[in-house]
Amino acid sequence: MADWSAIEALPTTTLVDLFAEDPDRLSRLSLDVAGIHFDWSKTHLTAEAIAAFEALAKAQDLAGKRDALFGGAVVNVTENRSVEHTAERGEGKAESVAIARQSHQRMRALIDAIEAEAFGPVRSILHVGIGGSALGPDLLVDALGREDSRYDVAIVSNVDGVALEDAFRRFDPATTLLVVASKTFTTTETMLNAQSALQWMIEAGVEDPYGKVIALTASPDKAVEWGVDETRILPFSESVGGRYSLWSTIGFPAAIALGWDRFEELLEGAAEMDRHFRLSALHENAPAIAAFADLYYTQVRGAETRAPFAYDQRLRLLPSYLQQLEMESNGKGVTVDGRPVGRPTAAITWGGVGTDAQHAVFQLLHQGTHLVPVEFLAVIEAGDSLAPDHHRQLLLNAFAQGAALMKGKQVDDPARSYSGDRPSSTLLLDDLDARTLGALIAFYEHRVFVNGVLLGINSFDQFGVELGKEMAKAADKGGQDFDPSTTDLIRRAGLEG
């Protein structure tokens, strides 16, 4: 078992005192990488804390496991798989990088054919997927495609028919391309949505509706069985996990909507962060320091949640993306060898957008009884063309909130007092372009990896999502015995038999 004693014995000096004691604190706890400024000075990390985490990382062989990740070795031990999403952006085993490049070239050729109207006029992309097959592409298109997306894109994940009908109302079936994204091409929600979308096209009289379907999958044979021609299947590697897959052909909606050059810039930004993570010493390694802060608050201070807040509307989907990335990866209760972890694992990730969140949840952050490490994300370059005061007020609010959480305010009226000493970190992007967004997402991926290694867990399986889905499938076939409450709910909804 890993020895956490030095970390658990760290002193609990206040943030104000930490700044007073160390005039170089800001420079020690900030980094600039790939167009992103990272500031952890308003966390309780110290040189002593970082040294203790570095010792833990050595004991847990973080360096060796990092090499194994990039080298294509089996790091997903419960499924006996390598984990090769970094190969999709050119950082990994040479053979896997070559395969990824071939897949990208195939995707680009298909996009060229679509743009040349080999599929007839295409104005809209209807992408159906769920989990990583939807969250990543949705984030990319929403963040980067607001002004100059070349196609109307709808990304539908919810099996609720209302979500699909919203897209049907927006699009003309005659000029819509249906993109079905599923690693296994058997995901229940995705395949039901795909079948309904195909039926929508058939009922509208679209000639050869299957000819308007693109499949993104690691199981091309299944896509062929479903009716997709082999020439319209964009495969990706089985070693690319769903929540890490936006770099692969799962990123097709972004590549076609934003243009190939920007998709390549996304990959290049991620590769720059890969190199930083792989080559930098831990005390100046952005993903490692962020993970140290995460673990300090969960293991030493008992924080059960962490909250990223995007002070940029273009990043409004990032908290949802991070929920899957962080909680599906590290929401585990056993170690890699199957023993109980015996300590907290992933914090519960939640968050929101900018000044909206200030008027909704910041009351609890400032004066509530929960300790919640906050992460502010902001962009120096404005994303709008309105009066500069809009962006000025946005950034000042982000920075002032962090200062207020740390400093607090003591007055005679307890209801108007702020305790302060509440931690936050800030990620300040120079601009929100494809390259910087790629680096940002890769930073979060590697942060998750470091957390998992230091906790001794496997960040790359997700068995916890299966049981409820299995029970739902069995219930649909009438082969599942439920407790009295669930049985009654099924009866009341008219779902029996």
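Since this is a predicted model, take the numbers as computed values, not measurements.

Parameters and conventions
- Residues numbered from 1 in each chain as written.
- Predicted model: local features only at pLDDT ≥ 70, side-chain atom pairs only at ≥ 80, totals over all residues.
- Heavy atoms only, no water.
- Helix = DSSP H or I, 4+ residues; strand = E, 2+ residues; numbered from the N terminus.
- Rg over C-alpha atoms; globule rule 2.2 N^0.38 Å.
- Buried < 20%, exposed > 50% of the residue type's maximum accessible area, 1.4 Å probe, protein only.
- Contact = heavy atoms within 4.5 Å.
- Areas by Shrake-Rupley, 256 points an atom, 1.4 Å probe, with all protein chains shown as cover.
- Lys, Arg positive; Asp, Glu negative; His and termini not counted.
- Charge placed at Lys NZ, Arg CZ, Asp CG, Glu CD.
- Axes fitted to C-alpha atoms, helices over the stretch in contact; angles between N-to-C directions.
- Parallel < 35°, antiparallel > 145°, perpendicular 65-115°, else oblique.
- Left-handed = near helix turned anticlockwise from the far one by under 90°.
- Nonpolar A, V, L, I, M, F, W, Y, C, P; charged D, E, K, R; others polar.

Caption draft 1: Summary view of the overall build of the protein. Counting its secondary structure elements, the protein contains 20 helices and 14 strands. In terms of overall dimensions, the protein is globule-like: its C-alpha atoms have a radius of gyration of 24 Å, near the 23 Å expected for 497 residues. Across its three principal axes, the protein shows a C-alpha extent of roughly 75 × 60 × 55 Å. Counting across all 497 residues of the protein, residues that qualify as buried make up 52%. Once local pairs closer than 6 in sequence are excluded, the contacts in the protein between residues at least 24 apart make up 74%. Carbon together with sulfur atoms contributes 50% to the accessible area of the protein, which is approximately 21900 Å² in total. Taken together, the 44 basic and 71 acidic charged side chains of the protein have centroids lying 2 Å from each other.

Caption draft 2: Here's a closer look at the packing of helix α7 (residues 132-144) against helix α14 (residues 318-330). Relative orientation of the contacting elements α7 and α14 amounts to 150 degrees, with a least axis distance of 10 Å. One element, α7, and the other, α14, form an angle in the roughly antiparallel class. Every pair of crossing elements has a handedness; the one defined by α7 and α14 is left-handed. Every residue of α14 that contacts α7 at G132, L135, G136 and L139 is listed here: L318, S320, Y321 and Q324. For the contact of α7 with α14, the per-class residue count stands at four nonpolar, four polar and no charged.

Caption draft 3: Local environment of the packing of helix α6 (residues 94-115) against helix α12 (residues 260-279). Across the interface, α6 lies against α12 with an axial gap of 11 Å and an inter-helix angle of 160 degrees. As the angle between them shows, α6 and α12 are arranged roughly antiparallel. For the crossing formed where α6 meets α12, the hand is right-handed. Contacts from H104, M107, R108 and I111 of α6 reach α12 at W260, F263 and L267. Along the lines of polarity and charge, the residues of the contact of α6 with α12 split into five nonpolar, one polar and one charged.

Caption draft 4: Highlighting unusual backbone geometry. If you check the backbone angles, D61 has positive phi at about 55 degrees while not being a glycine. By the secondary structure assignment, D61 is in the loop between α4 (47-59) and α5 (62-71). On the basis of relative accessibility, which here comes to 41%, the residue D61 falls in the partly exposed class. A positive phi is found at E117, a non-glycine position, where the angle reads about 65 degrees. Of note, E117 is situated in the loop between α6 and β5 (124-128). You can call E117 partly exposed: its relative accessible area is 42%.

By themselves these figures say nothing about function.
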